[in-house]
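Survey of secondary and tertiary structure
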Amino acid sequence: MNQPVPSIQRLPIYLRFLKGIRNNGDVYVSCTRIAEEFGQLSVQVRKDLGITGIVGRPKIGYQIEELITAIEHFLGWDKKTDAFLVGVGNLGTAVLNYPGFVEHGLNILAAFDNDPKKKDLKFPHCKVYDLDQLEEIGKREKAEIGILAVPAGAAQEIAERLVKIGVRGIWNYTPRKLDLPSKIICEDVKLSASFAVLSRRLINEQ
């Protein structure tokens, strides 16, 4: 990846702000205004937005609708990305119920769990299948992403099964470090690490 990860991570935050001020009737926005909203330097905001390829206009800034389009296109959120989710516990259920992913183009085709009681449960955009049906449905429905919300001990095995049915990326919500082929893109969701930072900051402010 050539683009800096922190810049990519800030783009969804900017996007939410831009949609808010657009809905309030604003047409243009400057880097200075965005920077003031988030307590950043305007030069950093300009660099962040620059990775999308868009260029602001002197003394005017960015046309908000064009900027929203540029960010969504850069992130791939202007097209549908199909996914399978494995693990319908508390975390998996939260992911399945979160409406924001649909707005970002994430289309969860099916969810899987090995608990018989969860089979055939229905969520807003998909239903739950038995884990034994993963390969069968994977042949019929092609997904680019596999979302892992299983216990850590099962993560490697499930990830390998997802790779075999053709997923190109793993979104790993487990603490397990996965050993996958180099062609597979894996993004680890570091919940404990994020909480550690929050906890330390709270201590520092005491």
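Residues numbered from 1 in each chain as written. Predicted model: local features only at pLDDT ≥ 70, side-chain atom pairs only at ≥ 80, totals over all residues. Heavy atoms only, no water.

Across the sheet, which stays open at both edges, the 6 strands sit in the order 5-4-3-6-7-8 with parallel pairing between neighbours. Unpaired on one side and paired on the other, strand 5 (128-130) and strand 8 (185-188) mark the two borders of the sheet. Pairs of neighbouring strands in the sheet enclose a mean axial angle of 25 degrees, with direction left out of account. Looking at chain direction, strand 6 (residues 145-148) and strand 7 (residues 169-172) are connected through 4 bridges and run parallel. Bridged to Gly-146 within strand 7 is Ile-170. Sitting on the sheet, helix 8 (residues 152-164) touches strand 3 (81-86), strand 6 and strand 7, and the angle it makes with strand 6 is about 165 degrees. (Pairing = 2+ DSSP bridges. Helix = DSSP H or I, 4+ residues; strand = E, 2+ residues; numbered from the N terminus. Axes fitted to C-alpha atoms, helices over the stretch in contact; angles between N-to-C directions. Contact = heavy atoms within 4.5 Å.)

Right, let's talk about the nonpolar core for a bit. Side chains of nonpolar character tend, in soluble globular proteins, to be buried together. One finds Phe-84, Phe-112, Leu-148, Leu-162 and Ile-170 to be the most contacted residues of the largest nonpolar core, which totals 22 residues. At the level of secondary structure, the elements contributing two or more residues to this core comprise strand 3, strand 4 (106-113), helix 7 (134-140) and helix 8. Leu-15, Ile-21, Ile-64 and Ala-70 belong to the second-largest nonpolar core, a separate cluster that totals 19 residues. (Core = buried A, V, L, I, M, F, W, Y, C linked by side-chain atoms within 4.5 Å. Buried < 20%, exposed > 50% of the residue type's maximum accessible area, 1.4 Å probe, protein only.)

We now examine the layout of surface pockets. Within this model, the largest pocket holds a volume of roughly 1,900 Å³. In this structure, the largest pocket is lined by 36 residues; those nearest its centre are Ile-8, Leu-75, Trp-77, Trp-171 and Glu-187. In terms of residues, the lining of the largest pocket owes the most to one element, helix 1 (residues 5-23), which gives 7 residues. Of the residues contributing to the lining of the largest pocket, the split by class is 19 nonpolar, 8 polar and 9 charged. A volume near 160 Å³ is recorded for the second largest pocket. Ranked by residues supplied to the lining of the second largest pocket, first place goes to helix 9 (residues 191-204) with 3 residues. Of the residues that constitute the lining of the second largest pocket, the class distribution is 5 nonpolar, 2 polar and 4 charged. (1 Å grid on protein atoms, 1.4 Å probe; cavity = no way out; pocket = protein on both sides within 12 Å on 5 of 7 lines; lining within 4 Å. Points joined across faces, edges and corners; volume = space filled by probe spheres on them. Nonpolar A, V, L, I, M, F, W, Y, C, P; charged D, E, K, R; others polar.)

Our next topic: unusual backbone geometry. Although it is not a glycine, Lys-59 adopts a positive phi angle of roughly 65 degrees. Structurally, Lys-59 can be placed in the loop between helix 3 (42-50) and strand 2 (62-63). Residue classification places Lys-59 among the exposed residues on the basis of a relative accessible area of 90%. A positive phi angle, close to 75 degrees, is found at Asp-120, a residue other than glycine. Mapped onto the fold, Asp-120 is located in the loop between strand 4 and strand 5. Given the relative accessible area of 41%, Asp-120 is considered partly exposed.

In this section: the pairing of strand 4. With 6 of 8 residues buried, strand 4 is to be regarded as a mostly interior element. With 6 bridges joining them, strand 3 and strand 4 adopt parallel strand pairing. Among the inter-strand pairings, Asp-82 is bridged to a residue of strand 4, identified as Asn-107. Judged from the 3 bridges that link them, strand 4 and strand 5 form a sheet pairing that is parallel. Across the sheet, Ala-111 pairs through a bridge with Val-128, a residue of strand 5.

Nothing here speaks to function; it is all geometry.
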